[in-house]
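Close look at the chain arrangement
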Amino acid sequence: MTKRVLIIGGTRNMGYYLSQRLAGSGCDLTLLNRGITKDDLPRSIHRLHADRTDHKQMQRALLAKSFDVVVDFVLYRGDEARTVIELFRDNVDHYIFLSTGQVYLVREGLQRPFREDDYAGPLIPAPKENSYAYEEWTYGVEKRDVEDQLTAAWSGSLFPCTILRLPMVNSARDPYHRLLNYYVRLRDGGPILVPERPNYALNHVYALDVVDLIMQLIDTGQGKGRAYNIAQDERVTHAEFLSILGEIMGTEARSITAKRSELVAGGFMPDCSPFSERWMSDLDNSRSKAELGLSYTPLPDYLSEIVAYFDSQPIAPPLTYSRRQAELNFAERQAAQPRI
């Protein structure tokens, strides 16, 4: 039987790859989004347009429609979750929600890597408003609100949801150009500026591994009422990551450390070293392996695939790369300072 699948989002990064896969599999695929982002997805895909923050627009767009599976890439707030639960409560067999490892970063007293059982507990106080930390804290807290709404709907009425908690997602289509920022800097032969702290282990996930998992869930219906950490096996230092990436690119990966405050003041962060941010999750993926039988693409393998994509076509550097000469000048001054 042909499955009817709705993707909310679906034109960027993971959603784009999933849309391509589902369209090629013969399923009856519909995308719901604002219709702002242009794409080259197959014309056979049905299109619905609505601002998902507007309850009435969502009602009108989904009136008298039902789906076997809904995959939601762009659900960020509790009130939007209530709309989802109301609209899909009786007309979907499986609702798959893409959450974030940031739900753990707003918890008090956790040790890395985070496990699913670490979710419940007290939250850290809100940082100062109008700060970067406050924005990141708010993101994690609001994603928790979404999860809490969905979990309550499962407990109360068996709303058939699966929650996937993701760390940083790496792909050639990353709209934030995080790997591309490293790629262009390593390609020019200059050093990477890296803040001294924090030096968290990097634990990310490959976009196509997430797509493979979602395809599995669509096919099998596994995971209803459960939350899963979805992350690569490797936990590497930033230096180890640069070494792997440099070896793949056939270049020496050099880095120069400096105080974060100086890099921020120079306008270099976060683009000079996107994986050195404070709000970086670190997820234990054991449950996904035990219950879903997942295996993950090794880090060097998927980095090789992304580098091959970058190498295969002309790609414009990120806009922030225009300050690269200022970075190099700073790196030269930093290297000349005496070490105590």
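One structure accompanies this document, and this report is about it. (Residues numbered from 1 in each chain as written. Predicted model: local features only at pLDDT ≥ 70, side-chain atom pairs only at ≥ 80, totals over all residues. Heavy atoms only, no water.)

1. Topic: the overall build of the protein
Using the following cut-off: By definition, any uninterrupted DSSP run of H or I lasting at least four residues is a helix, any uninterrupted run of E lasting at least two residues is a strand, and each is numbered from the N terminus. Throughout, a residue-residue contact means that at least one pair of heavy atoms, one from each residue, lies within 4.5 Å. Only the protein chains shown count as cover for residues, with accessible areas throughout obtained via the Shrake-Rupley method and a probe of 1.4 Å. His is not counted here, nor are the chain ends, while Lys and Arg score as positive and Asp and Glu score as negative. A single reference atom marks each charge: NZ on Lys, CZ on Arg, CG on Asp, CD on Glu.
Looking only at helices and strands, the protein has 12 helices and 11 strands in total. In terms of principal-axis extent, the alpha carbons of the protein reach across some 70 × 45 × 40 Å. Put simply, of all contacts in the protein between residues at least 6 apart along the chain, 78% involve residues at least 24 apart. In the form shown here, the protein has an accessible surface area of approximately 16,200 Å², with 49% of it arising from carbon and sulfur atoms. In the protein, the 40 positive side-chain charges and the 45 negative ones have mean positions that sit 3 Å from each other.

2. A few points about the nonpolar core
Rules: Among buried residues, those of type Ala, Val, Leu, Ile, Met, Phe, Trp, Tyr and Cys that are joined through side-chain atoms within 4.5 Å constitute a nonpolar core. Burial classification: accessible surface area is computed with a 1.4 Å probe over protein chains only, and a residue below 20% of its type maximum counts as buried, one above 50% as exposed, and the rest as partly exposed.
One finds Val71, Leu164, Ile214 and Ile230 to be the most contacted residues of the largest nonpolar core, which totals 34 residues. Looking at this core, the elements with two or more residues in it are β1 (4-8), α1 (13-25), β2 (28-33), β4 (67-72), β5 (92-100), β6 (161-166) and α7 (207-220). Here this core gets 8 residues from one element, more than from any other, and that element is α7. When residues no more than four places from it in sequence are discounted, the contact partners of Val71 are Leu6, Ile7, Ile8, Leu18, Ile96, Leu98, Ile214 and Ile218.

3. Details of the pattern of salt bridges
How we decide: Any Lys or Arg side-chain nitrogen found within 4 Å of a carboxyl oxygen on Asp or Glu counts as a salt bridge.
Counted according to the given criterion, the structure contains 18 salt bridges. The closest approach of N and O atoms between Asp212 and Arg21, which form a salt bridge, is 2.8 Å. Within this pair, whereas Asp212 is found in helix α7, its partner Arg21 is found in helix α1, the two being separated by 191 residues in sequence. On the basis of relative accessibility, which here comes to 38%, the residue Arg21 falls in the partly exposed class. We note a salt bridge from Arg178 to Asp174, for which the minimum N-O separation is 2.9 Å. With respect to burial, Arg178 and Asp174 carry one shared label: buried. Because the salt bridges share partners, they merge into one network encompassing Arg185, Asp188, Arg324 and Glu327.

In short, the description is geometric, and any link to function would need to be established separately.
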